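Coordinates in review
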There are 2 protein chains.
Amino acid sequence: MAKELKNLTKRAENYSQWYNELVVKADLAEQSAVRGCMVIKPYGYAIWEKMQRELDNMFKETGVQNAYFPLLIPKSFLSKEADHVEGFAKECAVVTHYRLMNDPNGNGVVVDPAARLEEELIIRPTSETIIWNTYRNWINSYRDLPLLVNQWANVFRWEMRTRLFLRTAEFLWQEGHTAHATKEEAQDKAIEMLNVYADFAEKYMALPVVKGVKTANERFAGALETYTIEAMMQDGKALQSGTSHFLGQNFAKAFDVKFINNQNELEYVWATSWGVSTRLMGALIMTHSDDNGLVLPPHLAPIQVVIVPVYKTADQLGDIDKVVTPIVAKLKGMGISVKYDNADNKRPGFKFADYELKGVPVRLVLGARDIEAGTVEVMRRDTLEKQSVALNGVEEYVAKLLEEIQQNIFNKALRHREKMTYKVDTWDEFKQQIEKGGFILAHWDGTTETEEKIKEETKATIRCIPMDGEDEPGKCIYTGKPSARRVIFARNY
Amino acid sequence: MAKELKNLTKRAENYSQWYNELVVKADLAEQSAVRGCMVIKPYGYAIWEKMQRELDNMFKETGVQNAYFPLLIPKSFLSKEADHVEGFAKECAVVTHYRLMNDPNGNGVVVDPAARLEEELIIRPTSETIIWNTYRNWINSYRDLPLLVNQWANVFRWEMRTRLFLRTAEFLWQEGHTAHATKEEAQDKAIEMLNVYADFAEKYMALPVVKGVKTANERFAGALETYTIEAMMQDGKALQSGTSHFLGQNFAKAFDVKFINNQNELEYVWATSWGVSTRLMGALIMTHSDDNGLVLPPHLAPIQVVIVPVYKTADQLGDIDKVVTPIVAKLKGMGISVKYDNADNKRPGFKFADYELKGVPVRLVLGARDIEAGTVEVMRRDTLEKQSVALNGVEEYVAKLLEEIQQNIFNKALRHREKMTYKVDTWDEFKQQIEKGGFILAHWDGTTETEEKIKEETKATIRCIPMDGEDEPGKCIYTGKPSARRVIFARNY
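Computed from a predicted model, the values in this text were never measured in an experiment.

Expressed as a screw transformation, the operator carrying chain B onto chain A has a rotation angle of 180 degrees and an axial translation of 0.0 Å, and the superposed copies differ by an RMSD of 0.0 Å. Taken together, the rotation angle and the small translation identify this as a two-fold axis. Within chain B, the C-alpha atom positioned nearest to the axis of rotation is that of B:Val95, 2.1 Å from it. Both copies share a contact surface, since 100% of the interface residues of chain B are interface residues in chain A too.

If you want it as structure tokens, here you go:
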């Protein structure tokens, strides 16, 4: 077994440490020399690229187009929308100068004090302000609407406590910003995009999510309504995986974006914004992986199938090469990404452990005896089960197995979530249960005050008011006041 | 004719103004509220996305993988490579603070003076420094090499005079950074990537380029050799379209990146870097477009074919719809992007002018009489020629026509460059010719001094020493000193 693998902390010992080690050992990402900023390594980036590709296709199917807006935002823009500035303006990277000069004392370079900006620029923490300032010139009439724009970009928030993928100062994301002629259309769009996120999470990431509405307290700064998809990690904690906001006319008013409606009246434009980020990588890793390393869903795995030869002599390897070549070609032709690892500077055992660590969904092992018997050993990463399969038709077997693995890890995650979701009706029960993790469906009186007290006492937050929940009158677990339906409480990442 | 189009300045009147107007009128990009930073609009971004997709595929075919490195670079990193800091460290965006606070006087937000960074951070003007600082931990042995990494990213250089796409403070690009065990391998890689750029320019952008070597004076800051592809715009000026650098061991030495070679000796790693940027958009626009607007190469056009119905009654439109539906389906099935514009709030004449302005390569126009006759009017954007074509089989006709247009605009650009390339042997002739534009093949004595004097007197720079040029002894046009071969002089963007 490879050295890296032997050292991986077990989930049961320390889940948090297991995650931190796994991200690094599986070559996904690492800390950089810049505080809170990560380097996304090629293997991690290949997964992110696959996510991007699929999401981008899904966005385009809804009529969204990509564009690009400036990295830097004039400081004054941030204070134009009152709630927005409270939520975002504080912890951010501020550009104050535009030139360096040689240090007069000969110590490298220093900031040129003469090159101070009149108005400071902020590295975008999110782009509503610069985008709505731009939209003012793009929108005149209802004929210019809807405007359905997305950008793939880096953003920056000066986070004090960072963790790879889950919370970093710089992260990669997409942010959609749409403009509409009516309130209803904007509300519908916000929900449509939430559904895109949920579909993506379930179909590609094999990640079951709960769709819901955020409480006023947890809303995006400047939104009238925030919709969310919430996933449960293996430790029972929640991870907010994507949000979609109905912004009302707040940003249109802040940036004076009006249009002439089809009644020939001047009106403010209605808005949405929605985003998912490299945080999804954290969700992906934490949902499926195990003590042997990553478990990747086949639909997002950069390498779906690895083939490892086991041989003693060069002749044996030659024979195996001959058998493998057409299998590789056929798998590729079926759109399956396959790697034949016949490098001779590593032993098979090392390779096995390494591809397990990297979460490759299917492994084929071929030795001299397999060739004689016309069989191949197939291992599936999700269950680690091995099976001897006829070489003839192995490609179809593998294709089917990949889909089976995709479905299996989704089902497993769903069962886990169901098992860890509890209806709780008393405060004592709530305090006990929250220590064990999981989603708690409980009644809440609807006030921010109660929400914050519960958070203070238990570190549990309201993840969302589930959209598919049913009305069910009850009493708030904390205050006993009446409640119309249950909400989801959990501790969260 | 649409209003926007009528107002487009003619190339012959003012080429520079024609370009500036075209970029905006064709909805490619516009200035933002942040000095020198552009907004890339959806139509412009769609072209850039197509470029990215093709380049990315080409990179991956050479074994390159994508990754992502931090946006911000510690100031001290910039001064570690002596030449690099001279070339890059000066005009850049400097982050000095990490927090804003409410203005005590109630005027929005101000920079929190308590949140000053110990060491300032620079928004990357290019990423050699942060990447080589990272590579130190990735490379131990020759077995870790080569490292073939690319990133798609935004970069920032505080340019004083900016022009959309051609020179902007923030721009989008890709930067490849490779690490090798031997000098030869690194040199070969730098040239291999230059060839990828040249192939991409010719096959996708229909842009003929000259491959060459930069003089010492024009080299990338920190490189031992810079290779370039140079294109000629319609006004006879050169546009540097992509560069690939052999960096020797400079960055490995600056960041102490050593490896154990296969002789078990410790050695510094050899490096290359190479990049193309949104500047390519400028090259694309300026090479092919005309007084009616954009002319896009079919291989990069977001919409390759537009179909416009001409009708008087709803019945007629219904009939046309019925004929067009299977044509659209078939074209899409052939991988051709097609738009059927049957919107009834714009007249056909407006649509014609608009799609001409946007450079859509092929336009089909269908009226009631065409349907009776079983024909359709096909217009090609490059020559504006119209042809009546049988509806039956029009899809194959269009597919062939797209390839013909791609080839034709390449040939046209190549003929233009050949016509505007001159061999010049005297200084008087040189001074005369340079005023008329074009590439001048002339002898040069090889010194930076002469190069700079020629630039001072004529604004001409040495674009490159062409790789496919032949040795031909001669005398420097400026000093009369001996020269082994001709170099290319031009004024440039």
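After that view of the structure, there is still more to cover.
Turning to the domain arrangement of chain A, a few remarks are in order. All names here are of chain A. As assigned here, chain A comprises domain 1 (3–70 + 126–288), domain 2 (305–401) and domain 3 (421–490). The gap between the C-alpha centroids of domain 1 and domain 3 is 26 Å. On the domain 1 side of the contact with domain 3, Thr 215, Asn 217 and Met 232 bury the most area, a combined 32% of that side's loss. At the boundary of domain 1 with domain 3, the tally comes to one salt bridge. Note that Arg 463 and Glu 230 form a salt bridge whose closest N and O atoms lie 3.0 Å from each other. Counting every contact that joins domain 1 to domain 3 gives six residue pairs in polar contact (both at pLDDT 80 or more).

Before going further, it helps to examine the nonpolar core. By size, the foremost hydrophobic cluster in this structure holds 232 residues, and its most contacted members are A:Ile123, B:Ile123 and B:Tyr135. In contact with A:Ile123, other than residues within four places in its own chain, are A:Leu71, A:Leu72, A:Ala93, A:Val95, A:Phe156, B:Leu71, B:Leu72, B:Val95 and B:Ile123.

All names here are of chain A. Taken as a whole and assessed by the stated rule, the structure comprises 38 aromatic pairs over all chains. Judged by centre distance (6.3 Å) and plane angle (75 degrees), the rings of Phe 59 and Tyr 197 are edge-to-face. Linking Phe 59 in helix H3 (residues 42–61) with Tyr 197 in helix H7 (residues 183–203), this pair joins segments that are 138 residues apart in sequence. Since its relative accessible area comes to 1%, Phe 59 is described here as buried. Taking the relative accessible area as the measure of exposure, Tyr 197 reaches 1% and is therefore buried. Joined through ring pairs, the aromatic side chains of Trp 48, Phe 59, Trp 152, Tyr 197 and Trp 274 make up one cluster. Seen from the ring of Tyr 43, Lys 358 lies directly overhead, with NZ or CZ sitting 5.6 Å from the centre. Over the face of the ring belonging to Phe 352 we find Arg 363, whose NZ or CZ atom lies 4.0 Å from the ring centre.

Scored by pLDDT, chain A comes out at a mean of 95, with 98% of its residues at no less than 70. For this predicted complex, the interface score ipTM comes out at 0.96, while the overall pTM is 0.97.

Hydrogen bonds along the backbone pair up the strands of a sheet, which may run parallel or antiparallel. All names here are of chain A. If you walk across this open sheet you meet the five strands as S17-S16-S18-S19-S20, and the pairing is mixed. Pairing within the sheet leaves two strands with one partner each, and these edge strands are strand S17 (338–340) and strand S20 (386–390). With direction set aside, neighbouring strand axes in the sheet form an average angle of 25 degrees. Note: strand S18 (residues 362–367) against strand S19 (residues 375–380), four bridges, orientation antiparallel. Each bridged residue has a counterpart across the sheet, and for Val 362 the counterpart in S19 is Arg 380. Contacts from helix H10 (residues 314–333) reach strand S16 (305–310), S17 and S18, with the element oriented near 170 degrees to S17. Most of the contacts of helix H13 (residues 394–419) go to S19, to which it runs at about 10 degrees, and overall it touches S16, S18, S19 and S20.

Right, let's talk about the sheet that holds strand S9 (residues 147–156) of chain B for a bit. All names here are of chain B. With mixed pairing, the 11 strands of this open sheet are ordered in space as S3-S9-S10-S16-S13-S12-S11-S24-S27-S23-S22. Two strands in the sheet have a free side with no partner beyond their single neighbour: strand S3 (65–66) and strand S22 (421–423). With four bridges connecting them, strand S23 (residues 439–443) and strand S27 (residues 486–490) associate as antiparallel partners. What sits directly across from Leu 441, in S27, is Ile 488.

What counts, and where the lines are drawn
- Residues numbered from 1 in each chain as written.
- Chains lettered and ligands numbered in written order.
- Predicted model: local features only at pLDDT ≥ 70, side-chain atom pairs only at ≥ 80, totals over all residues.
- Heavy atoms only, no water.
- Least-squares fit on C-alpha atoms with pLDDT ≥ 70 in both.
- Contact = heavy atoms within 4.5 Å.
- Domains from an automatic or database assignment.
- Buried area = accessible area lost by both parts, 1.4 Å probe.
- Salt bridge = Lys/Arg side-chain N within 4 Å of Asp/Glu carboxyl O.
- Polar contact = N/O pair within 3.5 Å; in protein donor to acceptor, adjacent residues only side chain to side chain.
- Core = buried A, V, L, I, M, F, W, Y, C linked by side-chain atoms within 4.5 Å.
- Buried < 20%, exposed > 50% of the residue type's maximum accessible area, 1.4 Å probe, protein only.
- Phe/Tyr/Trp six-rings, centres within 6.5 Å; stacked < 30°, edge-to-face > 60°.
- Helix = DSSP H or I, 4+ residues; strand = E, 2+ residues; numbered from the N terminus.
- Lys NZ or Arg CZ within 6 Å of the ring centre and 35° of its normal.
- pLDDT = per-residue confidence, 0-100.
- Pairing = 2+ DSSP bridges.
- Axes fitted to C-alpha atoms, helices over the stretch in contact; angles between N-to-C directions.

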